[in-house]
Amino acid sequence: MFKVKNPHIAEIPEDILSHIGLGTKTHDLKAMFGDVKFVCMGGSTTRMEGFAKYLTTELDMVPEDGQLRNLAQGTDRFVLYKVGPVLSVSHGVGIASISVVFNEILKLLHHAECTADVEIFRIGTSGGIGVEAGTVVVTSKPVNDQLQEAYHLHRVGKIETFPTVLDEGLAKELMECASDFPVVYAKTMASEEFYEAQGRTDGAFCDHSDEEKMVFLNTLHETGVRNIEMEATYFGAMCKRADIKGAIACVAMLDRLKGDQTYISNEDKEEWEMRPQRLVARYIKKRL
């Protein structure tokens with residue numbers, strides 16, 4: 001069975017997973033979630049609801065009463081849907097947000113006594129680095145803005161560093177599921193915020209020049225980075241720490257070497273956002 005690596009959990013009389021509206025005394029977590037094999041995370045609540053609806057068709061799995069329900073309805077922080085053995089959960093924007101729901105999902109798997117071979121995916125959007133808009137980047141190695149394959153956790157006044165490791169075999173199996181849109185296997189940089197930390201010059205603040213931005217972005221490209229988002233280092237580090245297989249697939253909504261703003265039609269936006277979802281859904285369908 002999957003187990004969290006925190007001995008204190010066993011000492012808690014009732015574990016309340018407050019940000020997803022569940023608890024060990026208020027819900028029969030084993031009955032509700034004991035068959036989970038795949039966890040899919042994405043930033044947007046509406047996107048992950050849409051992904052869950054998409055899975056009902058792709059996997060031909062509809063809830064017994066025909067109603068797809070948000071199982072985290074006791075809170076407005078995140079959404080959580082279940083389609084057969086698949087969880088579809090939102091994680092918000094950035095490391096601070098994903099860290100909350102990531103912890104509670106792992107504890108959910110623990111309390112539900114799920115098998116140890118559960119796999120976890122992050123699917124979402126990103127800014128490309130030298131790739132055409134619409135390209136899906138399957139992450140090989142998550143790096144921070146210093147190009148380190150590391151996540152630095154600040155806790156109890158100390159800083160601890162964890163390696164950012166994703167499962168190479170899982171990533172390559174994902175790559176094999178692509179056929180009708182471009183997919184690359186490359187490094188992903190995770191930033192601490194959306195504007196200045198990504199070298200943008202279109203935020204409310206900017207103390208760097210266009211030249212400095214381009215030096216930064218070209219350096220990323222030269223070292224093998226092909227997209228920027230805001231969660232990969234934490235996701236990779238905690239998957240490694242939890243001994244759980246993880247993979248990241250994010251579509252590039254623009255090429256940052258060509259600009260900071262995204263100028264695309266609603267049709268392209270909807271089509272591109274579906275590409276990581278289709279990739280992961282194909283993999284899950286193949287596994288089932």
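The rules behind the values
- Residues numbered from 1 in each chain as written.
- Predicted model: local features only at pLDDT ≥ 70, side-chain atom pairs only at ≥ 80, totals over all residues.
- Heavy atoms only, no water.
- Helix = DSSP H or I, 4+ residues; strand = E, 2+ residues; numbered from the N terminus.
- Rg over C-alpha atoms; globule rule 2.2 N^0.38 Å.
- Buried < 20%, exposed > 50% of the residue type's maximum accessible area, 1.4 Å probe, protein only.
- Contact = heavy atoms within 4.5 Å.
- Areas by Shrake-Rupley, 256 points an atom, 1.4 Å probe, with all protein chains shown as cover.
- Lys, Arg positive; Asp, Glu negative; His and termini not counted.
- Charge placed at Lys NZ, Arg CZ, Asp CG, Glu CD.
- Patch = residues over 30% accessible without salt bridge, like charges linked within 9 Å, V, L, I, M, F, W, Y side chains within 5 Å.
- Salt bridge = Lys/Arg side-chain N within 4 Å of Asp/Glu carboxyl O.
- Phe/Tyr/Trp six-rings, centres within 6.5 Å; stacked < 30°, edge-to-face > 60°.
- Arc of directions from axis to C-beta.
- Polar contact = N/O pair within 3.5 Å; in protein donor to acceptor, adjacent residues only side chain to side chain.
- Core = buried A, V, L, I, M, F, W, Y, C linked by side-chain atoms within 4.5 Å.
- Pairing = 2+ DSSP bridges.
- Axes fitted to C-alpha atoms, helices over the stretch in contact; angles between N-to-C directions.
- Parallel < 35°, antiparallel > 145°, perpendicular 65-115°, else oblique.
- Left-handed = near helix turned anticlockwise from the far one by under 90°.
- Nonpolar A, V, L, I, M, F, W, Y, C, P; charged D, E, K, R; others polar.

J.: Even after reading the chapter, I still don't get the overall build of the chain, so can you show me in this structure?
T.: For the chain, the count of helices and strands is seven helices and 12 strands. Taken against the 2.2 N^0.38 rule, which gives 19 Å for 288 residues, the C-alpha radius of gyration of the chain at 19 Å falls within 12% of a compact globule. Every one of the 288 residues in the chain was classed for burial, and the buried ones make up 50%. By sequence separation, contacts in the chain at least 24 residues apart represent 76% of the contacts at least 6 residues apart. For the chain, the computed accessible surface area is about 13500 Å², with 49% contributed by carbon and sulfur atoms. Where the 32 positive side-chain charges of the chain centre and where its 43 negative ones centre are 5 Å apart.

J.: Just to check I follow, could you spell out a negative patch on the surface for this structure?
T.: A surface patch of negative charge is lined by Asp145, Glu192, Glu193, Glu196 and Asp207. Position of Glu196 among the secondary structure elements: in the loop between β10 (183–190) and α5 (210–222). Residue Glu196 is classed as partly exposed on the basis of its relative accessible area of 35%.

J.: Got a minute to help me understand the packing of aromatic side chains in this structure?
T.: Two aromatic rings are characterised by how far apart their centres lie and by the angle between their planes. Evaluated as defined, the whole model comprises six aromatic pairs. Seen from their ring centres, Phe38 and Tyr283 are 6.4 Å apart, and the 90° between their planes marks the pair as edge-to-face. Placement of the pair is Phe38 in strand β3 (residues 38–42) and Tyr283 in helix α7 (residues 266–287), with a sequence separation of 245 residues. Neither residue differs from the other here; Phe38 and Tyr283 are each classed as buried.

J.: I tried to follow the pattern of salt bridges on my own but got confused; where do I start?
T.: Using the criterion set out here, one finds 22 salt bridges in the structure. We note a salt bridge from Lys37 to Asp117, for which the minimum N-O separation is 3.7 Å. Note that Lys37 is positioned in the loop between α1 (29–33) and β3 and Asp117 in the loop between α3 (95–111) and β6 (119–128), a separation of 80 residues in sequence. Asp117 sits in the partly exposed class, given a relative accessible area of 44%. The shortest N-O distance in the salt bridge between Glu273 and Arg47 comes to 3.6 Å. With Glu273 in helix α7 and Arg47 in helix α2 (residues 45–58), this pair connects stretches of sequence that are 226 residues apart. Each member of the pair, Glu273 together with Arg47, is buried. When salt bridges with common partners are traced through the structure, they connect Asp180, Glu271, Arg275, Arg278 and Arg282 into a single cluster.

J.: It is not clear to me how helix α4 (residues 168–175) should be interpreted in this structure. Could you clarify?
T.: An α-helical turn contains 3.6 residues, so a residue and the one three or four places further along point in the same direction. Among the residues of α4, those classed as buried are Leu170, Ala171 and Leu174. Seen from one end, α4 has its buried residues packed into an arc of 100°, which puts them on one side. Those residues of α4 hidden inside the fold are in contact with β6, β7 (136–143), β10, β12 (245–255) and α7. Two or three places before Gly169, at the opening of α4, Asp167 has a side-chain oxygen 3.3 Å from that residue's backbone nitrogen.

J.: Could you clarify how one ought to interpret the nonpolar core in this entry?
T.: Among soluble globular proteins, nonpolar side chains are generally buried collectively. In terms of nonpolar packing, the biggest core is built from 43 residues, with Val39, Ile105, Leu108 and Leu109 touching the most fellow members. Broken down by secondary-structure element, the contributors of at least two residues to this core are α1, β3, β5 (86–90), α3, β8 (150–155), α6 (232–242) and β12. When residues in this core are grouped by element, the largest group, eight residues, is from α3. Contacts of Ile105, omitting those with residues within four sequence positions, involve Ile20, Val39, Met41, Leu80 and Val89.

J.: Before we go on, may I ask you to explain the pairing of strand β4 (residues 80–83) in this structure?
T.: When a strand is regular, its side chains alternate between the sheet's two faces. Both faces of β4 are covered, namely the face carrying Leu80 and Lys82 and the face carrying Tyr81 and Val83. In this structure, β4 lies alongside β5, joined through four bridges in antiparallel fashion. Looking across to β5, one finds that Leu80 is bridged to Val89. Hairpin connection from β4 to β5: two residues lie between these consecutive antiparallel strands, with Gly84 at a positive phi of about 60°.

J.: What exactly am I supposed to notice about the pairing of β12 here?
T.: Along β12, 10 of the 11 residues are buried, which leaves the element largely enclosed by surrounding structure. Two strands pair when backbone bridges link them, and β6 and β12 are joined in this way by nine bridges, in the parallel orientation. If you follow Thr125 over to β12, its bridge partner there is Val251. Here β7 runs beside β12; their pairing, made up of three bridges, is antiparallel.

J.: Is there a simple way to explain the side chain of Arg47 in this structure?
T.: Using a relative accessible area of 17% as the deciding quantity, one classes Arg47 as buried. Among residues more than four places away in sequence, those in contact with Arg47 are Gly124, Thr125, Glu273 and Gln277.

J.: Help me understand the packing of α3 against α6 in this model?
T.: In a packed pair of helices, the relevant descriptors are the angle between the two axes and the axis-to-axis distance. Orientation of α3 relative to α6, taken along the N-to-C sense of each, is 25°, at an axis distance of 10 Å. Classified by the interaxial angle, the pair formed by α3 and α6 is roughly parallel. With respect to the hand of their crossing, α3 and α6 are arranged in right-handed fashion. Residues Ile95, Ile98, Ser99, Phe102, Asn103 and Leu106 of α3 form the contact with α6, whose own contacting residues are Thr233, Tyr234, Phe235, Met238, Cys239 and Ala242. Per-class residue counts for the contact of α3 with α6 are nine nonpolar, three polar and no charged.

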